[in-house]
Amino acid sequence: MSNATPSRNTEDTLVLRRPDDWHVHLRDGSMLELVADLTARQFARAIVMPNLTPPVTTVAAAAAYRERILAALPPGRDFTPLMTAYLTDSIAADEIASGFESGVFTACKLYPANATTNSAHGVTDVRNLHGVLERMQAIGMPLLVHGEVTTPEVDIFDREAVFIERVLAPLLEDFPGLKVVLEHITTRDAVAFVEAGPDRLAATITAHHLRLDRNDLFVGGLRPHAYCLPVVKRRQHKEALRAAAASGNPKFFLGTDTAPHQRQDKESACGCAGIFSAPFAIESYAETFEELGALDRLEAFASEFGPRFYGLPLNEGTITLRREHNPVPDSIQGDGFTLVPFHAGESLSWRLD
Ligand code: NCD
Ligand code: ZN
């Protein structure tokens, strides 16, 4: 494993190969400019989720969205959005394959229908995807999975573990060459499954699932800004995720799942799921890795394992984090909307230069 070069790092300075974010929601319209820049100032590339309204299901829609993202960035920002196709019951294998072959699509995203925000068009049964998955396997196109069953009789805290058993394990057997990323894992069951699985199976881990457990949803009252999907789990699951992230196992890499919703949509009688972690994402991961005594493994997790899995080159540039008191604002003002960032009101101990 290649650690951050010790000579560039001191007690107070951390230089990392420029990282990538393998799972973001950049949104669209008035939010796009603000949230895209917050991601691009840290990350060289990001896997962009397709759950817009309507979802990104065609090559043309993904190409147009990519243009809007690039146009929203300030001049000179070096950032590559990696686009994904939103799988539906009726999506055509040819559309997926032509998008992949022309370099518009990097991967496909599987949302079980109604699992999360804007997933009403998601897949009702993976058996409907047989032809699409066969083609993806043939062309080497990764499948990114929101791993939760949505059957109402399954307890929300068990949905990931049940998905693994009922859907993911059989899918990996049926498609023995398909590359799969289990996104934003939240349980020790997921950690164990990914560790035991083949090399073509990997997982992303968010900054917030490394820091929050289900008690955090209820400290002193209901905490809508700690609510995301998959929902945060018991403390022992968080501990398993922390161990996996810090382990140096290349199957686990960075994906923030930053998912902004306007403040009033979070602080509501029916609050939206999603944590807006983009503003201080790399600092949050640094805080966690330092707590785990694993700062020397942050670079591989953030900047090496993801590109290796996707078969992409490592980034050339670097970012620098300095040990500095870094207070996180209570809110961030956009043009006509307010967002509450992850760590709002707290102070982090690293600051991105
Ligand atoms: C995401 C969103 O708001 O788009 N929300 C979330 O809690 N992560 C959807 C998702 O990735 O599940
Ligand atoms: Zn997501």
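Residues numbered from 1 in each chain as written. Chains lettered and ligands numbered in written order. Predicted model: local features only at pLDDT ≥ 70, side-chain atom pairs only at ≥ 80, totals over all residues. Heavy atoms only, no water.

**Quick notes on the packing of aromatic side chains**
Then step 1. Inspection of every chain in the model, using the stated rule, returns eight aromatic pairs.
Then step 2. Taking the centre distance of 6.0 Å and the plane angle of 80° together, the rings of Phe309 and Tyr310 count as edge-to-face. Here the two residues Phe309 and Tyr310 agree in accessibility, since each one is buried.
Then step 3. One aromatic cluster is present, formed by Trp22, Phe253, Phe309 and Tyr310 through successive ring pairs.
Then step 4. Stacked on the ring of Phe157, the Lys or Arg Arg214 has its end atom at 4.7 Å from the ring centre. (Phe/Tyr/Trp six-rings, centres within 6.5 Å; stacked < 30°, edge-to-face > 60°. Buried < 20%, exposed > 50% of the residue type's maximum accessible area, 1.4 Å probe, protein only. Lys NZ or Arg CZ within 6 Å of the ring centre and 35° of its normal.)

**Observations concerning the side chain of Thr116**
Then step 1. By secondary structure assignment, the location of Thr116 is in the loop between β5 (105-110) and α4 (130-139).
Then step 2. On the basis of relative accessibility, which here comes to 19%, the residue Thr116 falls in the buried class.
Then step 3. Beyond its immediate sequence surroundings of up to four residues, Thr116 is in contact with Tyr111, His146 and Leu229. (Helix = DSSP H or I, 4+ residues; strand = E, 2+ residues; numbered from the N terminus. Contact = heavy atoms within 4.5 Å.)

**Side note on the side chain of Glu183**
Then step 1. Summarising the element assignment, Glu183 is placed in the loop between β7 (180-182) and α6 (188-196).
Then step 2. Look at Glu183: it is buried, it has no salt bridge, and the nearest opposite charge is Lys109 at 4.7 Å.
Then step 3. A distance of 2.8 Å separates polar atoms of two side chains, one belonging to Glu183 and the other to His23. (Lys, Arg positive; Asp, Glu negative; His and termini not counted. Salt bridge = Lys/Arg side-chain N within 4 Å of Asp/Glu carboxyl O. Polar contact = N/O pair within 3.5 Å; in protein donor to acceptor, adjacent residues only side chain to side chain.)

**A look at the site of ligand 1**
Then step 1. In the vicinity of ligand 1 lie 14 residues, with Asn51, Thr116, Leu229, Asp257 and His261 positioned nearest.
Then step 2. Here Leu229 contributes a backbone N or O atom positioned 2.8 Å from an oxygen atom of ligand 1.
Then step 3. Separating an oxygen atom of ligand 1 from a backbone N or O atom of Gly274 is a distance of 3.2 Å.
Then step 4. Look at ligand 1: alone it shows 310 Å² of surface, and the protein chains cover 100% of it.
Then step 5. Of the residues assigned to the shell around ligand 1, the class counts are four nonpolar, eight polar and two charged. (Near = heavy atom within 4 Å. Areas by Shrake-Rupley, 256 points an atom, 1.4 Å probe, with all protein chains shown as cover. Nonpolar A, V, L, I, M, F, W, Y, C, P; charged D, E, K, R; others polar.)

**Notes on the confidence of the model for the chain**
Then step 1. The predicted model of the chain averages 96 in pLDDT, with 98% of residues at 70 or higher.
Then step 2. Ignoring residues within four places in sequence, the model shows residues 1-6, a span with pLDDT below 50, making 14 contacts including any to other chains. (pLDDT = per-residue confidence, 0-100.)

**Structural notes on the sheet that holds strand β10 (residues 318-327)**
Then step 1. Within the open sheet, the three strands sit side by side as β1-β10-β13. Their pairing is antiparallel. Bordering the open sheet on either side are β1 (13-17) and β13 (347-352), each of which pairs with just one other strand. The average angle at which neighbouring strand axes cross in this sheet is 35°, direction not considered.
Then step 2. Relative to β13, β10 is paired through five bridges, and the arrangement is antiparallel. Bridging from a neighbouring strand, Pro327 pairs with Ser347 of β13.
Then step 3. Where helix α9 (residues 281-291) meets the sheet, its contacts fall on β1, β10 and β13, and the angle it forms with β13 comes to roughly 115°. (Pairing = 2+ DSSP bridges. Axes fitted to C-alpha atoms, helices over the stretch in contact; angles between N-to-C directions.)

**Considering the nonpolar core**
Then step 1. Counting 96 residues, the largest nonpolar core has Leu87 and Leu143 as its most contacted members.
Then step 2. Sort the elements by how many residues they give to this core and helix α5 (residues 159-174) lands first, with seven residues.
Then step 3. For Leu143, the contacting residues outside a window of four places in its chain are Leu87, Cys108, Leu110, Leu133, Met136, Leu171, Leu178, Lys179, Val180 and Val181.
Then step 4. Counting residues in each nonpolar core, the second largest holds 15 residues, with Tyr86, Ala107, Tyr111 and Phe253 among its members. (Core = buried A, V, L, I, M, F, W, Y, C linked by side-chain atoms within 4.5 Å.)

**Looking at the pattern of salt bridges**
Then step 1. Tallied over the entire structure, the rule returns 16 salt bridges.
Then step 2. As a salt-bridge pair, Arg308 and Glu304 come within 3.7 Å of each other at their nearest N and O atoms. Note that Arg308 and Glu304 are positioned in helix α10 (residues 298-310) at a spacing of four residues, about one turn of the helix.
Then step 3. When salt bridges with common partners are traced through the structure, they connect Asp12, Glu290 and Arg323 into a single cluster.

**Topic: the coordination of the zinc ion (ligand 2)**
Then step 1. Every protein donor of the zinc ion (ligand 2) is accounted for by His23 (NE2), His25 (NE2) and Asp257 (OD), and the metal-donor separations fall at 2.0 to 2.1 Å.
Then step 2. Angles of 91 to 146° at the metal separate the four donor atoms of the zinc ion (ligand 2), which places the site in the irregular class.
Then step 3. Here the donor residues of the zinc ion (ligand 2) are spaced in sequence according to H-x1-H-x231-D. With His25 in the loop between β2 (21-24) and α1 (32-40) and Asp257 in the loop between β9 (252-254) and α8 (263-266), this residue pair connects regions lying 232 residues apart in the sequence.
Then step 4. Relative accessible area serves as the criterion here: at 7%, His25 is assigned to the buried category.
Then step 5. Take Asp257: its relative accessible area is 5%, and that puts it in the buried class. (Donors = N, O, S within 2.8 Å, 3.2 Å for Na, K, Ca; no water. Tetrahedral: all angles 85-135°; square planar, octahedral: opposite > 155°, others 65-115°.)

**Some details on unusual backbone geometry**
Then step 1. With omega at -5°, the peptide bond leading from Thr53 into Pro54 counts as cis.
Then step 2. Residues Leu229 and Pro230 are joined by a peptide bond in cis, for which omega reads -10°.
Then step 3. With respect to the helices and strands, Pro230 occurs in the loop between β8 (201-205) and α7 (235-246).
Then step 4. One non-glycine residue with positive phi stands out, namely Arg27, at about 60°.

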